[in-house]
Amino acid sequence: TSFGINFQDEGTTTPSGWLGDYGQQYGDRGSGYYYGWNCDYPIDGRNRAVSGYSDLDNTLMHFDRDGACADTAWELLVANGRYLVSITYLDTKHEGSTAGCIMEGQSVSCGSGPYSIGSSCVKTLEVTVSDSKLTMSGERNGSPQCSTVNRIQ
């Protein structure tokens, strides 16, 4: 089954065909989906509302912007196995960094430097899940940095 998670603020209507995440702790999201963060981050979702971009492109989640939680991680309940996963990084107002972004122990960075304002960077990789949770981790305030994530498919 293929589906996607859009990271966004709570006030934005989730784009059609996507599941929304606005920083809630890991838990039941209905319809058999369990996903979320290891800490509660409801203030870290954004909709940049930049003209010329869709809500899907304008929305994102900061990785623990205020440093409130150690070892920031987002998880999705899945069956153990191999998955092809695409992570999109995009910020329509600010540059971002992906150098410290990790999925299932593998780098999902688009390079060591920042990505440009309004330019998306998509990282696709095959991962193996052995603990029933697809996990993405990173630190917003650490080095290397994982500043924001836009969506995962």
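Scroll up a little and you will see the structure.
Every value quoted in this text rests on a predicted model; they were computed, and no experiment measured them. (Residues numbered from 1 in each chain as written. Predicted model: local features only at pLDDT ≥ 70, side-chain atom pairs only at ≥ 80, totals over all residues. Heavy atoms only, no water.)

Thoughts on the pairing of strand β7 (residues 73-77)
Right, on to step 1. By the bridge criterion, three bridges tie strand β4 (residues 33-37) to β7 in an arrangement that is antiparallel. From the neighbouring strand, W37 faces β7, where its bridge partner is W74.
Right, on to step 2. Two strands pair when backbone bridges link them, and β7 and strand β12 (residues 133-137) are joined in this way by five bridges, in the antiparallel orientation. Bridge pairing in β12 links W74 to M136. (Pairing = 2+ DSSP bridges. Helix = DSSP H or I, 4+ residues; strand = E, 2+ residues; numbered from the N terminus.)

Thoughts on unusual backbone geometry
Right, on to step 1. One non-glycine residue with positive phi stands out, namely S31, at about 55 degrees.
Right, on to step 2. Among the secondary structure elements, S31 is positioned in the loop between β3 (27-30) and β4.
Right, on to step 3. Even without glycine at this site, S132 takes up a positive phi of about 70 degrees.
Right, on to step 4. Its location among the elements puts S132 in the loop between β11 (121-129) and β12.
Right, on to step 5. For S132, a relative accessible area of 27% corresponds to the partly exposed category. (Buried < 20%, exposed > 50% of the residue type's maximum accessible area, 1.4 Å probe, protein only.)

Notes on the sheet that holds strand β6 (residues 59-62)
Right, on to step 1. Strand order in the open sheet formed by three strands is β5-β6-β13, with antiparallel pairing between adjacent strands. Strands at the two margins of the open sheet, each flanked by one partner only, are β5 (45-47) and β13 (148-149).
Right, on to step 2. Pairing of β6 with β13 involves two bridges; the strand directions are antiparallel. Pairing of H62 across the sheet is with T148, part of β13.

A few points about the sheet that holds β12
Right, on to step 1. Reading across the sheet, the six strands line up as β3-β4-β7-β12-β9-β10 and stay open at both edges, with antiparallel pairing between neighbours. Because the sheet does not close on itself, it has two edges, and the strands there are β3 and β10 (106-107).

What about the packing of aromatic side chains?
Right, on to step 1. Counting across every chain of the model gives six aromatic pairs.
Right, on to step 2. Here the aromatic rings of F7 and W74 are separated by 5.4 Å at their centres, their planes lie at 80 degrees, and the arrangement is edge-to-face. Within this pair, whereas F7 is found in strand β1 (residues 5-7), its partner W74 is found in strand β7, the two being separated by 67 residues in sequence.
Right, on to step 3. By way of ring pairs, the aromatic residues F7, Y35, W37, F63 and W74 are connected into one cluster.
Right, on to step 4. The positively charged end of R29 is found above the aromatic ring belonging to Y35, 5.7 Å away from the centroid.
Right, on to step 5. The aromatic ring of Y26 is capped on one face by K133, whose charged end is 4.3 Å from the ring centroid. (Phe/Tyr/Trp six-rings, centres within 6.5 Å; stacked < 30°, edge-to-face > 60°. Lys NZ or Arg CZ within 6 Å of the ring centre and 35° of its normal.)

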